[in-house]
Amino acid sequence: REEGSVGTVFQTESSRISQQQMLDLDEGEEERERLRLFFDETSFIPFKAVIDGRQSLEDVVKEFPWIQLLVGTLAGVVIEERILMLLREYV
């Protein structure tokens, strides 16, 4: 805008920004930067970051919840077998 236009001479109450609001904006910028760095290193699509070379397969192997996968798979097999046994008894 040019000097003297309405936006530079008159300010509404909502257009004034306090120092605390400026600090909050700075913190928001820092958080957005950290989030951008996180997204640069990772991916929403499984293994895309590994394929692109942003993460190593070694990291994936270390971070993968192997115990939970094993326990969940075994629990699923047991539950499925019990349900199939009950269905066979009723049929």
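Now for a description of the structure that goes with this document. Because the structure is predicted, anything quoted here is derived from the model rather than measured.

Here the focus is a nonpolar patch on the surface. A cluster of nonpolar side chains, namely F47, I51, L57, V61, F64, W66 and L69, defines an oily patch on the protein surface of about 740 Å² accessible area. Counting only elements with at least two residues in the nonpolar patch, the list comes to helix 4 (57-63) and helix 5 (66-90). Here F47 is to be found in the loop between helix 2 (19-41) and helix 3 (48-52).

So, about the layout of surface pockets. If a probe the size of a water molecule is rolled over the atoms, the empty space left behind becomes visible. For the largest pocket, the calculated volume is near 220 Å³. Around the largest pocket, the lining is made up of 13 residues, and of these F47, V50, Q55, V60 and E63 lie nearest the centre. Of all the elements in the fold, those that place two or more residues in the lining of the largest pocket are helix 3 and helix 4. Broken down by element, the residue count for the lining of the largest pocket peaks at 3 residues, all from helix 3. In terms of residue class, the lining of the largest pocket is built from 8 nonpolar, 3 polar and 2 charged.

Criteria and thresholds
Residues numbered from 1 in each chain as written. Predicted model: local features only at pLDDT ≥ 70, side-chain atom pairs only at ≥ 80, totals over all residues. Heavy atoms only, no water. Patch = residues over 30% accessible without salt bridge, like charges linked within 9 Å, V, L, I, M, F, W, Y side chains within 5 Å. Areas by Shrake-Rupley, 256 points an atom, 1.4 Å probe, with all protein chains shown as cover. Salt bridge = Lys/Arg side-chain N within 4 Å of Asp/Glu carboxyl O. Helix = DSSP H or I, 4+ residues; strand = E, 2+ residues; numbered from the N terminus. 1 Å grid on protein atoms, 1.4 Å probe; cavity = no way out; pocket = protein on both sides within 12 Å on 5 of 7 lines; lining within 4 Å. Points joined across faces, edges and corners; volume = space filled by probe spheres on them. Nonpolar A, V, L, I, M, F, W, Y, C, P; charged D, E, K, R; others polar.

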